[in-house]
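The chain contents come next:
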Amino acid sequence: MTTRRSVITGLAASAATLPFATRGMAQTGTALQLEARTGKAHLLETGQPETPIWGYNGRVPGQEIRTPQGKPFAADLLNALPQPTTIHWHGIRIDNAMDGVANLTQAPVAANKTFAYRFTPPDAGTYWYHPHNRTWEQLARGLYGPFIVEEEKPPTVDQDLVLMFDDWRIGDDGAIDEASFGNFHDLSHSGRLGNILTVNGAFTHDVPVKAGQRVRLRLINAANARVISVGFGGHSPIVVALDGQPVDPFKPSGGEIQLAPAQRADVMLDCVQDVGSQSPILVDTGREKLEAGKIVYHPTERQRKTSLQSVTRLPANPMPTALDDSNPIVVELDMTGGARSWFESAMYRGKTYDVRTLAREHRKVWAFNGIAGMPDKPLTQIALGKTVHVRMRNGTAWPHAMHFHGHHVREIQHSKRAPLPHWRDTVYMAPDETITVAFHAHNPGKWMLHCHMLAHQAGGMGTWYEVG
Ligand code: C2O
Ligand code: CU
């Protein structure tokens, strides 16, 4: 198996072998070439057939990108898919023009066309990249990869590894169940849930360690709809960052880290077990607990005998966190619809429809403030530098993963528990919960706000806000 790290350092060299490289790609000598195209992946157990996928450079996950904090990053998207696509750099406080949202921040990139993404990631942390056009289909087919922004002075660890989880719906023949794309049941219930869980594109993924090591694990949930909880057998992980942003280190309850779709966590795992031992990586899918791989200790070697220093907070990012709560802009976001909590009617593209007509003719079953799907006008227009409070009320019978583009947000009020102090780009909401989040509107542009359960987004749970 090639190691992902060695592939990354070979990027510039590999560009020449790509079919698009000859086609008017001037000044891209050092840009990473990401070709969205078909490929095959071995997602099922050994002995089972391969799965035709769509992937960046034909692989799933797409290559692990590592780039230094505060330095320009360049990637060229080459679209070799049969439909238009884009790349969204999820969680990065990016220039709006590079956010990759089809029909909001850029035109979708047609088949056989290219797009140059150029930006400087301001914050270190664990992010990811994926399409933002027909995301419900393109992501489910395998278009995603980890995007790691490295601290100038990272904490000392013995290994720094990504574990990227996905949930696929695959038939016995190994093929993705295409017939169910856009299926109305998924759209109106919990989204497209799968039947196969993978870690880094494999049915099981082992992590080799040595006794005494400290390993930084970057957990990413790339599933379309599945909320997962990840645990590490006899180990006690310490969370140091969520959605890329540092947090005061803490031990999650029960040693399990919950990740809604699109959420990430950086954890420090001290390998306190014996030389030669093994311990399962357990993923609770809400229905069952799966062994997704193992922590495999070297049979004879040990890293160190002395104990490690306690885990400290990661270096701060330059993200503005000062909130001026004296005069905030208050925005209400009323989330309605879906099975068992149908609305009677909602607006779609400026017209009001009853729920049956809307569902049948436009496949919209969810609404924000009574509007299904992307409105022409923003949810709110915010002057640069203002503090914003968004009061999100989940009036549906389903959980959601509310993702803010361009800004990270912090809970300031929660209807069921004390608000958490963490800065997140994706907020998990259970049915009936009301959560108020706050952020400092420092990043000008048109930013999406949507549910990252992608069938919900397609079914109406998407809006946008404008800053500046
Ligand atoms: Cu991860 Cu709007 O997307
Ligand atoms: Cu949702």
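The rules we used
Residues numbered from 1 in each chain as written. Chains lettered and ligands numbered in written order. Predicted model: local features only at pLDDT ≥ 70, side-chain atom pairs only at ≥ 80, totals over all residues. Heavy atoms only, no water. Helix = DSSP H or I, 4+ residues; strand = E, 2+ residues; numbered from the N terminus. Rg over C-alpha atoms; globule rule 2.2 N^0.38 Å. Buried < 20%, exposed > 50% of the residue type's maximum accessible area, 1.4 Å probe, protein only. Phe/Tyr/Trp six-rings, centres within 6.5 Å; stacked < 30°, edge-to-face > 60°. Lys NZ or Arg CZ within 6 Å of the ring centre and 35° of its normal. Donors = N, O, S within 2.8 Å, 3.2 Å for Na, K, Ca; no water. Pairing = 2+ DSSP bridges. Axes fitted to C-alpha atoms, helices over the stretch in contact; angles between N-to-C directions. Salt bridge = Lys/Arg side-chain N within 4 Å of Asp/Glu carboxyl O. Contact = heavy atoms within 4.5 Å. Polar contact = N/O pair within 3.5 Å; in protein donor to acceptor, adjacent residues only side chain to side chain. Domains from an automatic or database assignment. Buried area = accessible area lost by both parts, 1.4 Å probe.

1. Observations regarding the overall build of the protein
- Tallying secondary structure elements over the protein gives six helices and 32 strands in all.
- Relative to a compact globule of 468 residues, whose C-alpha radius of gyration would be 23 Å, the protein shows 22 Å and is just as compact.
- Along the longest, intermediate and shortest principal axes, the C-alpha atoms of the protein span 70 × 50 × 45 Å.
- Split into buried and exposed, the 468 residues of the protein put 57% on the buried side.

2. With respect to the packing of aromatic side chains
- In total, this model carries 15 aromatic pairs according to the counting rule given.
- With 5.1 Å between their ring centres and 45° between their planes, tyrosine 56 and tyrosine 129 make a pair best called tilted. Pair noted here: tyrosine 56 is in strand β2 (residues 51-56) and tyrosine 129 is in strand β7 (residues 125-130), with a separation of 73 residues, a long-range link.
- The buried category is assigned to tyrosine 56, whose relative accessible area is 1%.
- Ring geometry for tyrosine 348 and tyrosine 353: centres 6.5 Å apart, planes at 55°, overall tilted.
- Pairwise contacts between aromatic rings join Tyr56, Phe73, Trp89, Phe115, Tyr117, Phe119, Tyr129 and Phe147 into one cluster.
- Note that arginine 141 overlies the ring of tryptophan 54, its terminal NZ or CZ placed 4.4 Å from the centroid.

3. Looking at the coordination of the copper ion (ligand 2)
- The copper ion (ligand 2) binds to the protein through His400 (ND1), Cys451 (SG) and His456 (ND1), with metal-donor distances spanning 2.0 to 2.1 Å.
- Counting along the primary sequence, the residues that act as donors to the copper ion (ligand 2) give the motif H-x50-C-x4-H. Exposure class is identical for cysteine 451 and histidine 456. Each is buried.

4. Looking at unusual backbone geometry
- Here valine 60 and proline 61 are connected by a cis peptide whose omega angle stands at -10°.
- The residue proline 61 is located in the loop between β2 and β3 (65-68) in this model.
- The phi torsion at asparagine 369 lies on the positive side, around 50°, for a residue other than glycine.
- By the element assignment, asparagine 369 lies in the loop between β23 (366-368) and β24 (381-382).
- Using a relative accessible area of 34% as the deciding quantity, one classes asparagine 369 as partly exposed.

5. Brief notes about the sheet that holds strand β19 (residues 289-302)
- As summarised here, the arrangement of the five strands in space is β11-β19-β18-β13-β16, forming an open sheet in which the pairing is mixed. The open sheet has two free edges, formed respectively by β11 (207-211) and β16 (257-259), since each of these has just one partner strand. Here the average twist between neighbouring strands, direction ignored, is 25°.
- Two strands pair when backbone bridges link them, and strand β18 (residues 278-284) and β19 are joined in this way by seven bridges, in the antiparallel orientation. Looking across to β19, one finds that valine 283 is bridged to leucine 290.

6. As for the pattern of salt bridges
- Within this structure, the stated rule accounts for 27 salt bridges.
- We note a salt bridge from arginine 66 to glutamate 150, for which the minimum N-O separation is 2.9 Å. In this pair, arginine 66 sits in strand β3 while glutamate 150 sits in strand β8 (residues 145-150), placing the two residues 84 residues apart along the sequence.
- Arginine 66 sits in the buried class, given a relative accessible area of 14%.
- On the accessibility criterion, glutamate 150 (31% relative accessible area) is partly exposed.
- Between arginine 226 and aspartate 167 there is a salt bridge; the shortest N-O distance is 3.5 Å. With arginine 226 in the loop between β12 (214-221) and β13 (228-231) and aspartate 167 in strand β9 (residues 159-168), this residue pair connects regions lying 59 residues apart in the sequence.
- What makes arginine 226 buried here is its relative accessible area of 6%.
- Taking relative accessible area as the criterion, aspartate 167 reaches 9% and is therefore assigned buried.
- Connected through salt bridges with shared partners, the residues Glu64, Arg66, Glu150, Glu151, Asp160, Arg216, Arg218 and Asp266 form a single ionic network.

7. Quick notes on helix α5 (residues 355-362)
- Those residues of α5 not exposed but buried are Val355, Thr357, Leu358 and Ala359.
- Its buried side turned inward, α5 meets α4 (184-188), β21 (345-348) and β22 (351-354).
- A distance of 3.1 Å separates the backbone nitrogen of arginine 356 from a side-chain oxygen at the start of α5, and that oxygen is part of aspartate 354.
- Positive phi appears at arginine 363, one or two residues downstream of α5, with a value of about 50°.

8. Thoughts on the domain arrangement of the protein
- The domains assigned to the protein are domain 1 (23-151), domain 2 (178-302) and domain 3 (329-467).
- Distance from the C-alpha centre of domain 2 to the C-alpha centre of domain 3: 27 Å.
- Domain 2 puts 24 residues into the contact, and the matching count from domain 3 is 24 residues.
- A combined buried area of about 2000 Å² lies between domain 2 and domain 3, and 60% of that area is made up of carbon and sulfur atoms.
- Of all residues in domain 2, Phe184, Leu187 and His189 give up the largest surface area on contact with domain 3, accounting jointly for 26% of the area buried on that side.

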